[in-house]
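Structure assessment
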Amino acid sequence: MFYNFLFPQYFRGKGVSFLILFVRLFFGALFFMHGLDKLSNFNVLSDTYPSVLGLGSYTTLMITIFCEFACSLFLMAGLVTRIVLIPMMAAMAVAFFDVHDGMMPEGELALIYLIVFLVLFMTGPGRYSVDYLIDRKVNKDKEELSTHK
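Think of each chain on its own: its residues are numbered from 1, step by step along the sequence as written. The predicted nature of this model means local features are confined to residues of pLDDT at least 70 and side-chain atom pairs, given and counted, to a pLDDT of 80 or more, with totals for whole chains, interfaces and linings taken over all residues. Side-chain measures here rest on the full set of heavy atoms in the structure, leaving out hydrogens and waters.

**So, the overall build of the chain**
In terms of regular secondary structure, the chain is built from 7 helices and 0 strands. A run of H or I in DSSP becomes a helix once it reaches four residues, and a run of E becomes a strand once it reaches two; helices and strands are each numbered from the N terminus. Secondary structure elements of the chain, listed N to C terminal, follow the sequence α-α-α-α-α-α-α. Its C-alpha atoms put the chain at 60 × 25 × 25 Å along the principal axes. The cut-offs for exposure are 20% and 50% of the maximum accessible area for each residue type, with area from a 1.4 Å probe on protein chains only; residues under the lower value are buried, those over the upper are exposed, and the others partly exposed. The buried share of the chain, reckoned over its 149 residues, is 38%. Looking at the chain alone, contacts between residues at least 24 apart form 69% of all its contacts between residues at least 6 apart. Where accessible areas are quoted, they stem from the Shrake-Rupley method and a 1.4 Å probe; at the residue level, only the protein chains shown are allowed to cover. With an accessible surface of roughly 8800 Å², the chain has 72% of that area assigned to carbon and sulfur atoms. When the 11 basic and 12 acidic side-chain charges of the chain are each reduced to a single mean position, those positions are 19 Å apart. Note on contacts: a residue pair is in contact if any heavy atoms of the two residues lie within 4.5 Å. Note on charges: Lys and Arg go in the positive column, Asp and Glu in the negative column, and His and the chain ends are not counted at all. To locate a charge, take atom NZ for lysine, CZ for arginine, CG for aspartate or CD for glutamate.

**Let's talk about the packing of aromatic side chains**
The geometry of an aromatic ring pair comes down to the distance between the two centres and the angle between the two planes. Note on aromatic pairs: the rings of Phe, Tyr and Trp (six-membered ring only in Trp) are paired at centre separations within 6.5 Å, and the planes decide the class, stacked below 30 degrees, edge-to-face beyond 60, tilted for the rest. Following the criterion strictly, the structure yields 9 aromatic pairs and no others. Taken together, a centroid distance of 5.4 Å and an interplanar angle of 80° make the contact between F42 and Y58 edge-to-face. Residue F42 is located in helix α3 (residues 42–48), and its partner Y58 is located in helix α4 (residues 57–77); the two are separated by 16 residues in the primary sequence. Put simply, the rings of F22, F26, F27, F31, Y113 and F117 touch in pairs and so form one group of aromatic residues.

Written as structure tokens, this is what we have:
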């Protein structure tokens, strides 16, 4: 069941998968740039970054950089896509509901990212992803094992 969740068999048509690839690359790159900016300005931001859930500015900034910088790279590659989308969605939910108090227009960008990441979470990575290649390899190995019995 967990395997089917990570590597879904639907949404694999070429047109849909190309659209999913475009969304993954576009929003992944935008999100990555936010993380790169925070990483570049770490020393300046570490004292003034909003503390969320009582974690402190430094820890909150570290978690944010992980979500925006590292997870974006995995998203763009389509590697463990649904797993990396969980912290990305959590970060945007916290940004929208806690940091921006669910207010518009201040939290608009966080809400947009949250919705896009939720859609990608539901659709999966599509056929143009590392996840798809892993799934093909695993299924090929399973078929070979079953034919040798």
